[in-house]
Each structure stands twice: as structure tokens, then as C-alpha cells.
Amino acid sequence: PSAAARVTETRIDAHARLEVLANEAAGCTRCQLHQGRTKSVFARGTPDTDLVFVGEGPGYHEDQQGLPFVGKAGQLLDRMLGAIGLARDHPDPASAVYITNILPWRPPGNRTPTAEEVGVMLPFLRRHVGLVDPVLLIPMGNTRRLEVDASDFAQAVDRVATVSSERSRAVKLALDEDRLVLSVN
């Protein structure tokens, strides 16, 4: 097969593996968070994009709808993305983004996840990031407080951290007193 056909086959395989991973994560019972969930929140957007955002975990609205970043923070993110010509469901991968979370379930009372909960879900996230294969990965929100930062995401996929480091960057995005702060590692 041609190079283009091999790339297409690889992306189709990655999409199928993402679906399997979403089902595995939804069925995970290794921590207590699964007991209180309404829906599992896996991801939203175009997995063929080069730009991936990773949040801490679902809030109330995300838990109800089964989609990441649909509450106030998600609406703000959509406006910021729109201002630069991007959208999570854009049909053109060059103008699309992909959004996921460290945790697929909302912690009770929207509390900060424990180190154990994050530790259980980090292997799923590493596989997730590896399947999407982004050029740019942007951890958002309280990921740093969870001792998960941009360098952890870069190390999640050996190819991103080493083989293709000239193409890939790990970045951190946070809101600091209503300012958007972006740092590249």
C-alpha cells in the first residue's frame, strides 16, 4: 500500500483502539470513583488533530452529559479557541482540537482527586495520548496540583519525548487572575 494508505489504516486502527480504551476506562473499578459516576467522560473532538487539551476531571455538567469541558470553563475554552479559529468539533483536523481528562469520573463533591485515583487512571491517559499522537499537548487547570504536569505527559509516549522531540512540545496552559498563561517545556 501507498504511504497515504498506510497512514489512513493507522488512523483507523487508532480510532478503533480509542473506542476500546474508552470502554476499558468506563469499566474500570480499580478506585472508588466509578461508584458515584453518572456517565463516564472520555473525550470530545477530533482525534486526528495535532492539538490536545487535558483537564483534571469532569465537573457536574460533564458528569451529566458524558463530555469534557461543557460547563463554564468549557464555554470559556470554546470562546478562546473560536477567537483563534479552532473548534473541538471542526471537521478539518487542522482547525480542530481534542479534549480529555486525567479522570473519566467526577470526584464526590467535586473534590480534588487523590494521588491513588490519579495513579490508577494515568496508564489510561498515557495510552490515550499515545493513540491520539498530538504535536502539542496542553494540560489545563489543576493538573500541576495533582503532580501531573507537562513533562509527565511528554514522557507518557516515548516517541513524543525522544524520537520526535523536534516536532513535539509539551506545554502548560493555566488561567492566572484572568490571564492566559502558556509555558512551553
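As a reminder, the structure under discussion sits directly above these lines.
Residues numbered from 1 in each chain as written. Predicted model: local features only at pLDDT ≥ 70, side-chain atom pairs only at ≥ 80, totals over all residues. Heavy atoms only, no water.

(A) Representation of the pattern of salt bridges within the structure. Considering all chains together, one arrives at five salt bridges under this definition. In this structure, the salt-bridge partner of Arg127 is Glu24, at a minimum N-O distance of 3.0 Å. Within this pair, whereas Arg127 is found in helix α4 (residues 115-132), its partner Glu24 is found in helix α1 (residues 3-26), the two being separated by 103 residues in sequence. The class for Glu24 is partly exposed, based on a relative accessible area of 35%. Note that Arg111 and Glu117 form a salt bridge whose closest N and O atoms lie 2.7 Å from each other. Arg111 gets classed as partly exposed once you look at its relative accessible area, which sits at 32%. (Salt bridge = Lys/Arg side-chain N within 4 Å of Asp/Glu carboxyl O. Helix = DSSP H or I, 4+ residues; strand = E, 2+ residues; numbered from the N terminus. Buried < 20%, exposed > 50% of the residue type's maximum accessible area, 1.4 Å probe, protein only.)

(B) Spotlight on unusual backbone geometry. In this structure, Asn110 is a non-glycine residue whose phi angle is positive, near 60 degrees. Turning to its location among the elements, Asn110 is positioned in the loop between β3 (98-101) and α4. For Asn110, a relative accessible area of 44% corresponds to the partly exposed category. Backbone geometry at Asp133 places phi at a positive 60 degrees, although glycine is not the residue there. Along the polypeptide, Asp133 turns up in the loop between α4 and β4 (136-139). For Asp133, a relative accessible area of 25% corresponds to the partly exposed category.

(C) Fine view of empty space enclosed by the protein. The tally for this structure, following the rule as stated, stands at two cavities of 30 Å³ or more. The volume enclosed by the largest cavity comes to roughly 80 Å³. If you go around the largest cavity, you meet 13 residues; those closest to its centre are Phe42, Asn101, Ile102, Pro104 and His128. Among the elements of the structure, α1, β3 and α4 are those that each provide at least two residues to the lining of the largest cavity. Per element, the largest residue contribution to the lining of the largest cavity is four residues, and it comes from α4. Tallied by class, residues from the lining of the largest cavity come to 10 nonpolar, three polar and no charged. (1 Å grid on protein atoms, 1.4 Å probe; cavity = no way out; pocket = protein on both sides within 12 Å on 5 of 7 lines; lining within 4 Å. Points joined across faces, edges and corners; volume = space filled by probe spheres on them. Nonpolar A, V, L, I, M, F, W, Y, C, P; charged D, E, K, R; others polar.)

(D) Examining the environment of Asp50 more closely. Locating Asp50 in the fold gives a position in the loop between β1 (43-45) and β2 (51-55). Once the C-alpha coordinates of Asp50 and Leu136 are considered, the two residues, 86 residues apart in sequence, prove to be 6.0 Å apart.

(E) Expanded view of the pairing of β2. Of all five residues in β2, five are buried; the element is thus mostly enclosed. Both faces of β2 are covered, namely the face carrying Leu51, Phe53 and Gly55 and the face carrying Val52 and Val54. Judged from the four bridges that link them, β2 and β4 form a sheet pairing that is parallel. Bridging across to β4, Val52 finds its partner in Leu137. As judged from the four bridges shared by β2 and β3, these two strands associate in the parallel manner. Across the sheet, Val54 pairs through a bridge with Thr100, a residue of β3. (Pairing = 2+ DSSP bridges.)

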